[in-house]
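Chain by chain, the residues:
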Amino acid sequence: MAKPYSDALVADGPLLFVSGQVPQAPDGGVVGDAAGQTRQIFRNMEAVLARHGADLSHVVKLTYYLRHIADLDEFRSALLGSLPDGHRPAASLVEVSGLVDPRFLVEIDAVACLPRENA
């Protein structure tokens, strides 16, 4: 499986720090598995980035919080399907004992480098 992150990236522009995104859909629903939750998180993150004139290709750092490290393969598969082709931000992954809602299996925060014209 392809490595879903880069060892390092250089950012050249204003930084946008995106708070932890959870897998709750706009209607309040939460999908039950780690892959579905990961895909929903990236949809939520895309909406936040779009409000600032950016998209997932502008993300330079991601931090992943997984409730169960056993979900890692499922999570990585969904992650690779959610990121733009060839774009691999720097990343950290942490297994946690819990998240704010017991239904949540994944949370992700991000740092994006905004296009200068949108800063």
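Everything in this summary refers to the structure shown in the same document. On a predicted model such as this, the values are computed, not experimentally measured, just so you know.

A word on the pattern of salt bridges. All told, the structure shown has 1 salt bridge when counted by the stated rule. Residue Arg-103 is joined to Asp-101 by a salt bridge in which the shortest nitrogen-to-oxygen separation is 2.9 Å. Take Arg-103: its relative accessible area is 41%, and that puts it in the partly exposed class. What makes Asp-101 buried here is its relative accessible area of 17%.

The next thing to look at is the nonpolar core. In terms of nonpolar packing, the biggest core is built from 24 residues, with Phe-42, Met-45, Leu-49, Leu-62, Phe-75, Val-106 and Ile-108 touching the most fellow members. In terms of residue count, the dominant contributor to this core is helix H1 (residues 34-50) (6 residues). Setting aside anything within four residues of it in sequence, one finds Met-45 in contact with Val-18, Gln-21, Leu-56, Leu-62, Ile-108 and Ala-110.

Rules used in this analysis
Residues numbered from 1 in each chain as written. Predicted model: local features only at pLDDT ≥ 70, side-chain atom pairs only at ≥ 80, totals over all residues. Heavy atoms only, no water. Salt bridge = Lys/Arg side-chain N within 4 Å of Asp/Glu carboxyl O. Buried < 20%, exposed > 50% of the residue type's maximum accessible area, 1.4 Å probe, protein only. Core = buried A, V, L, I, M, F, W, Y, C linked by side-chain atoms within 4.5 Å. Helix = DSSP H or I, 4+ residues; strand = E, 2+ residues; numbered from the N terminus. Contact = heavy atoms within 4.5 Å.

These values are about where atoms sit, not about what they do.
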